[in-house]
Amino acid sequence: YPFREPWEIAPEGHPAYESIVRYTKLRYRLMPYIYSLAGMTYFQDYTIMRPLVMDFMDDRRVADIGDAYMFGPSFLVAPVYEYGARSRQLYFPECEGWYDFYSNEFIAGGKAYEVAAPYERMPLYVRAGSIVPFGPDIQWSDEKPADVIDLYVYQGADGSFTLYEDENVNYNYEKGLYALIGFDYDDSAAMLTVAARQGDYPGMLKERTINVIPVSKNGRGKTQQIRYDGTEVSVSLK
């Protein structure tokens, strides 16, 4: 006690129940992103949940912000702490810009705004230049491999991300059994490059489908599908 299962908090169909389920599903769809961050904590001493000052040291206005944080390099998370509040004041750190995760609306950095915070949804934003991999709907982390990845590229700045993968169930990564796939985006050329895969481990996917989904100030662009076999490939997002 207290019981934390969704059905103990609210009945099915209630906005609270539906919100818990929605964010649980989002967590598991984001597993390629989250697991890559976990790899960064081991190999690079990275920190997944990051106060804004860690990523925006030149912006003095973030120094005393304690009610928002970065989740990895891409997501700006803005929890709502005031009971009954349906909006909150949020400062967007200085950078090339931000996108509302839900609507893809573009927001300039270096300014504070009153942002919507409906009962069932927490304010969530993505930094321009972010490359975010989404996997399939799963019930647990190693239910099935991410043979199809939806790769969202948030345009407006150069960006990079490295997808980390291993066997999921042991410590063989300490012996070098893991794989890395680098993603690099050149904003001026609107070109995404998927680098040649580095490394290997038992059971590794040799081929997969990557759905490249650009997001710009004009909204979500046309999806381009590539079949990735471990060799370098580039795709124009113009």
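See above for the structure.
It should be emphasised that the depicted structure is a prediction, and the values quoted were computed from it without experimental measurement.

Caption draft 1: Focus on the overall build of the protein. Each helix and strand counted, the protein has four helices and 18 strands in total. Projected onto its principal axes, the C-alpha positions of the protein cover 50 × 50 × 35 Å. Scored against the burial criterion, the 238 residues of the protein give a buried share of 45%. When contacts within the protein are restricted to residue pairs at least 6 apart in sequence, long-range pairs at least 24 apart make up 57% of them. Approximately 13,100 Å² of the protein is accessible, and the part contributed by carbon and sulfur atoms is 49%. Between the averaged position of the 23 positive side-chain charges in the protein and that of its 34 negative side-chain charges there is a distance of 3 Å.

Caption draft 2: Local environment of the sheet that holds strand E5 (residues 98-100). Sheet architecture is open: six strands sit in the order E1-E2-E3-E8-E5-E6, paired in antiparallel fashion. The open sheet terminates on both sides in strands that have one partner only, identified here as strand E1 (49-51) and strand E6 (106-107). Taken together, the three bridges between E1 and strand E2 (residues 69-71) define a ladder with antiparallel strand orientation. By the bridge assignment for E2, Arg50 is matched with Met70.

Caption draft 3: Just the packing of helix H2 (residues 15-29) against helix H3 (residues 31-44), in detail. Taken N-terminus to C-terminus, the directions of H2 and H3 make an angle of 60°; their axes are 5 Å apart at the nearest point. The pairing of H2 with H3 is recorded here as oblique in orientation. Where H2 approaches H3, its residues Arg27, Tyr28 and Arg29 are matched on the opposing element by Met31, Pro32 and Ile34. Each residue belonging to the contact of H2 with H3 can be placed in one class, and the counts come to four nonpolar, no polar and two charged.

Caption draft 4: Summary view of the side chain of Arg197. Inspection of the secondary structure puts Arg197 in the loop between strand E13 (191-194) and strand E14 (198-200). Of the side chains with opposite charge, Glu165 comes closest to the buried, unpaired Arg197, at an N-O distance of 6.3 Å. Arg197 has contacts with Ala179, Leu180, Ile181, Met204, Leu205, Lys206, Tyr228, Asp229 and Gly230, leaving out every residue within four places of it along the chain.

Caption draft 5: Fine view of the nonpolar core. Phe75, Phe183 and Leu192 are the most contacted members of the largest nonpolar core, which has 41 residues in total. Counting 15 residues, the second largest nonpolar core, distinct from the first, contains Phe56, Phe92, Trp98 and Tyr125.

The rules behind each value
Residues numbered from 1 in each chain as written. Predicted model: local features only at pLDDT ≥ 70, side-chain atom pairs only at ≥ 80, totals over all residues. Heavy atoms only, no water. Helix = DSSP H or I, 4+ residues; strand = E, 2+ residues; numbered from the N terminus. Buried < 20%, exposed > 50% of the residue type's maximum accessible area, 1.4 Å probe, protein only. Contact = heavy atoms within 4.5 Å. Areas by Shrake-Rupley, 256 points an atom, 1.4 Å probe, with all protein chains shown as cover. Lys, Arg positive; Asp, Glu negative; His and termini not counted. Charge placed at Lys NZ, Arg CZ, Asp CG, Glu CD. Pairing = 2+ DSSP bridges. Axes fitted to C-alpha atoms, helices over the stretch in contact; angles between N-to-C directions. Parallel < 35°, antiparallel > 145°, perpendicular 65-115°, else oblique. Nonpolar A, V, L, I, M, F, W, Y, C, P; charged D, E, K, R; others polar. Salt bridge = Lys/Arg side-chain N within 4 Å of Asp/Glu carboxyl O. Core = buried A, V, L, I, M, F, W, Y, C linked by side-chain atoms within 4.5 Å.

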